[in-house]
Amino acid sequence: MEKWSLMTITVLLALTVRWAVSLGSYSGAGKPPMYGDYEAQRHWQEITYNLPIRQWYFNTSDNNLQYWGLDYPPLTAYHSFVCAYIAKLINPDWVALHTSRGYESQPHKLFMRTTVFVADLLVYIPAVILYCFSLKETSAKKKASTCALCILLYPGLILIDHGHFQYPLSLGLALWAVLCLSHDWDLLGSVAFCLALNYKQMELYHSLPFFCYLLGKCFKKGLKGKRLVLLVKLAGTVLLSFAACWLPFSTDVEQIMQVLRRLFPIDRGLFEACMFSSPTHCPDKVANIWCSLSVLIKIKNVISPRTQLKLSFAVTFLSLLPACIKLTVQPSLRGFKFALVSCALSFFLFSFQVHEKSILLVSVPVCLVINEIPFMATWFLLVSTFSLLPLLLKDGLLLPYAVTTPAFLAVCLASFSILEKTSAEDLQLKAFSLSLKGYVSWFKSFPRIVRSLFLLSLALMGALSVLSAAAPPPQRLPDLFPVAVAVVSCLHFLLFLVYFNVVILWDSRNRGQKKIS
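As the structure is a prediction and not an experimental result, all values here were calculated from the model.

Caption draft 1: Representation of the packing of helix α7 (residues 169-182) against helix α15 (residues 333-350) within the structure. Interhelical geometry of α7 versus α15 gives an angle of 165° and a closest axis separation of 11 Å. Judged by the angle between their axes, α7 and α15 are roughly antiparallel. As α7 runs across α15, the sense of the crossing is right-handed. Contact residues: α7 offers Val178, Leu181 and Ser182, while α15 offers Leu333, Phe336 and Leu340. The class makeup of the residues in the contact of α7 with α15 is five nonpolar, one polar and no charged.

What follows is the structure, given as structure tokens:
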């Protein structure tokens, strides 16, 4: 009973923070003609309610794809339709075809914010709670609620979902998939992940770890008997899940191809994360390698779009290959969770058409290992929130950012004593350090060095945050601060990518693993 009381307090606190953030501004508020992601979600409700399914993804006189055309998979469209049906019952003006474009009012804002709250309460928050209770390392009552508190107070997700405006459904469904796999409910986990992928195609960031883990599990003791049956069941489950999601669009091949063209518009090039230039999006200042390199080399001017695509694919594939091979050959639940982090980070850093918000696809898996590596997880989550700063400033979310980020750090310091968890063993680097013994003399000073780098990183992020918010940029360099934020964040992410790969590749030689039976 006590553990549920602690968890109830945790959830209430998390909901209070979300409610406070939702009182502020949202993406594109009062900024015609495109407005922002808030208007995009409202517009999809307008389109899905008023037009037949066959027109949802096609450019017509009633559906101008240049104005926030649907570019997410079918489940997003179905969710928009459900929200639109409820909106129509409350106020038909909210989803009236054509005339509702750019609609803004306090009652409508309350409705839209409520839909995000409901998604959080029904999908994301329950997954976090059950995940924390399922952790073997957090059997103590207090530990489970502490872990849940840190995850639920992660500021990046709160500021984007309840500030900027976004639904947490794909990440929540992916969490349910991880939870199912941790209990060996592989078929249910496959269904949950297929639903996540059919809600947002960016869940491809997590697809390879799911595939490699389940494939490795099937091959673990030879592909025969129960393992062969499991493989067949998994394949059938995936096919049926996709068939159910895409059934209304399966009337002809052209319907399917049009949806795919909307989901993967490769002709936009490496940097064109959106098909228009909107004040709420800054695709050239994302904290990935291509945007950071463009500060020195104008990649768009020296490499053709097709070559950019091939280069991006090659670098992304090579960067995630080691973790995927390790997971397939030695499948373990722990390795799976770390591979989710590593592969998602590789996609974020090296793939094409990356949004600032895509860092959340890395951050949520990092939350899943915060109990194992609290110091590095906290550090990463702070940097990921910092990387969103230019977008948050555009949305008028400076105050929520300035409050939630230090509060999150304080909670992690109090919950995990992270500054005391900097030894090689605490950082899961013991096996790696043993392999370097005799070659690297400074490893004895490793904890002190790591703590110093962490404090230096905090100081740098704090200084850039203050400058971005308060100081006017030089006239000749109007994008100085957003670019600085992107480059600094990218350098952090590259170091984190190396770290997570080292943890994965040096794992299990000196650590026990959960047996795959």
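Caption draft 2: View of the nonpolar core. Among the nonpolar cores identified, the biggest contains 160 residues, and Phe348 and Phe493 are the most heavily contacted of them. Both of domain 1 (167-264) and domain 2 (265-508) provide at least three residues apiece to this core. Sequence-distant contacts of Phe348, defined by excluding residues within four places in its chain, comprise Tyr205, Val286, Ala287, Asn288, Val354, His355, Glu356, Ser358, Ile359, Val362 and Phe493.

Caption draft 3: Expanded view of the environment of Ser105. Relative to the helices and strands, Ser105 resides in the loop between α3 (74-90) and α4 (106-134). Each C-alpha atom of the pair Ser105 and Leu6 lies 37 Å from the other, and the pair is 99 residues apart in sequence. A polar side-chain atom of Ser105 sits 3.2 Å from the main-chain amide nitrogen of His108.

Caption draft 4: Structural view of the pattern of salt bridges. Under the definition given, this model contains ten salt bridges. Of the charged contacts in the structure, one is a salt bridge between Asp507 and Arg334, with a shortest N-O distance of 2.8 Å. With a gap of 173 residues between them, Asp507 in the segment after α22 (480-505) and Arg334 in helix α15 connect regions that are remote in the sequence. The same class applies to Asp507 as to Arg334, namely buried. Taken together, the salt bridges that share partners define one network made up of Arg334, Lys337, Glu372 and Asp507.

Caption draft 5: Broad picture of the domain arrangement of the protein chain. Considered domain by domain, the protein chain is made up of domain 1 (167-264) and domain 2 (265-508). Spacing between the C-alpha centres of domain 1 and domain 2 amounts to 26 Å. Interface of domain 1 and domain 2: buried area, both sides summed, is about 2,100 Å²; carbon and sulfur atoms make up 79% of it. Considering only the side of domain 1, the residues that lose the most area to domain 2 are Tyr205, Pro209 and Tyr213, jointly responsible for 32% of the buried surface there. Linking domain 1 to domain 2 there are two residue pairs in polar contact (both at pLDDT 80 or more). Where the side of domain 1 that touches domain 2 is concerned, the elements lending two or more residues are α7, α9 (204-219) and α11 (253-263). Residue contributions to the side of domain 1 that touches domain 2 peak at eleven residues, all from α9. Among the residues making up the side of domain 1 that touches domain 2, the classes are represented as 15 nonpolar, three polar and five charged.

Conventions we followed
Residues numbered from 1 in each chain as written. Predicted model: local features only at pLDDT ≥ 70, side-chain atom pairs only at ≥ 80, totals over all residues. Heavy atoms only, no water. Axes fitted to C-alpha atoms, helices over the stretch in contact; angles between N-to-C directions. Helix = DSSP H or I, 4+ residues; strand = E, 2+ residues; numbered from the N terminus. Parallel < 35°, antiparallel > 145°, perpendicular 65-115°, else oblique. Left-handed = near helix turned anticlockwise from the far one by under 90°. Contact = heavy atoms within 4.5 Å. Nonpolar A, V, L, I, M, F, W, Y, C, P; charged D, E, K, R; others polar. Core = buried A, V, L, I, M, F, W, Y, C linked by side-chain atoms within 4.5 Å. Buried < 20%, exposed > 50% of the residue type's maximum accessible area, 1.4 Å probe, protein only. Domains from an automatic or database assignment. Polar contact = N/O pair within 3.5 Å; in protein donor to acceptor, adjacent residues only side chain to side chain. Salt bridge = Lys/Arg side-chain N within 4 Å of Asp/Glu carboxyl O. Buried area = accessible area lost by both parts, 1.4 Å probe.

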